[in-house]
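Fold and contact review
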Amino acid sequence: TATSINNIGLVMQDKGDLDGALVMYKKALAIQEKTLGKQSPVTASSYNNIASVMKQKGDLDGALVMYKKALAIQEKTLGKQSPSTATSYNNIGLVMKQKGD
């Protein structure tokens, strides 16, 4: 169910419905936290999706918080050398650059 909800969020985001996508991603995250736990790499992926929408909406501070949550989970569960972890480092760097930090 969480995967289907997440996929709906992806389509909504691709179509430009950022508010709708955010609702779907948050629903998927709630299910994942309940079923997989807060330290699951799948849960981290949902944090990344939420951050992506927040970034698109211009909420750079909120996006940074979500990207950092994803990164913390990925470092703990996948390690610092994982491609997923590297993507999170990159996402954080892009937001910081956009903020001028």
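Just above, that's the structure.
Residues numbered from 1 in each chain as written. Predicted model: local features only at pLDDT ≥ 70, side-chain atom pairs only at ≥ 80, totals over all residues. Heavy atoms only, no water.

When you line up the elements, serine 46 lands in helix 3 (residues 41-57). What makes serine 46 buried here is its relative accessible area of 2%. Here serine 46 is in contact with Asn6, Ala28, Leu29 and Gln32, once residues within four sequence places are set aside. (Helix = DSSP H or I, 4+ residues; strand = E, 2+ residues; numbered from the N terminus. Buried < 20%, exposed > 50% of the residue type's maximum accessible area, 1.4 Å probe, protein only. Contact = heavy atoms within 4.5 Å.)

It is worth spelling out helix 1 (residues 2-14) at this point. If you check helix 1, its first and last C-alpha atoms are 18 Å apart, about what 13 residues at 1.5 Å a residue would give, namely 18 Å. All of the buried residues in helix 1 are Ala2, Ile5, Asn6, Gly9 and Gln13. An end-on view of helix 1 places all buried positions within 100° of arc, on one side of the element. Away from the buried face of helix 1 by more than 90 degrees, exposed residues Thr3 and Asp14 are located. In the core, the buried residues of helix 1 are packed alongside helix 2 (18-35) and helix 3. Backbone geometry just after helix 1 places glycine 16 at a positive phi near 95°. (Expected span 1.5 Å × (residues − 1). Arc of directions from axis to C-beta.)

Moving on, we get to the environment of lysine 15. With respect to the helices and strands, lysine 15 occurs in the loop between helix 1 and helix 2. We classify lysine 15 as exposed; its relative accessible area is 71%. Taking the C-alpha atoms as reference, lysine 15 lies 20 Å from alanine 63; in sequence the two are 48 residues apart.

Relative to each other, helix 2 and helix 3 sit at 160°, their axes nearing to 9 Å. Taken together, the axis directions place helix 2 and helix 3 in an arrangement best described as roughly antiparallel. Judged by the twist between their axes, the crossing of helix 2 over helix 3 is left-handed. Two secondary-structure elements touch here, helix 2 through Leu18, Asp19, Ala21, Leu22, Tyr25, Lys26, Ala28, Leu29, Gln32 and Glu33 and helix 3 through Val42, Thr43, Ser46, Tyr47, Asn49, Ile50, Val53, Met54, Gln56 and Lys57. The class makeup of the residues in the contact of helix 2 with helix 3 is 11 nonpolar, five polar and four charged. (Axes fitted to C-alpha atoms, helices over the stretch in contact; angles between N-to-C directions. Parallel < 35°, antiparallel > 145°, perpendicular 65-115°, else oblique. Left-handed = near helix turned anticlockwise from the far one by under 90°. Nonpolar A, V, L, I, M, F, W, Y, C, P; charged D, E, K, R; others polar.)

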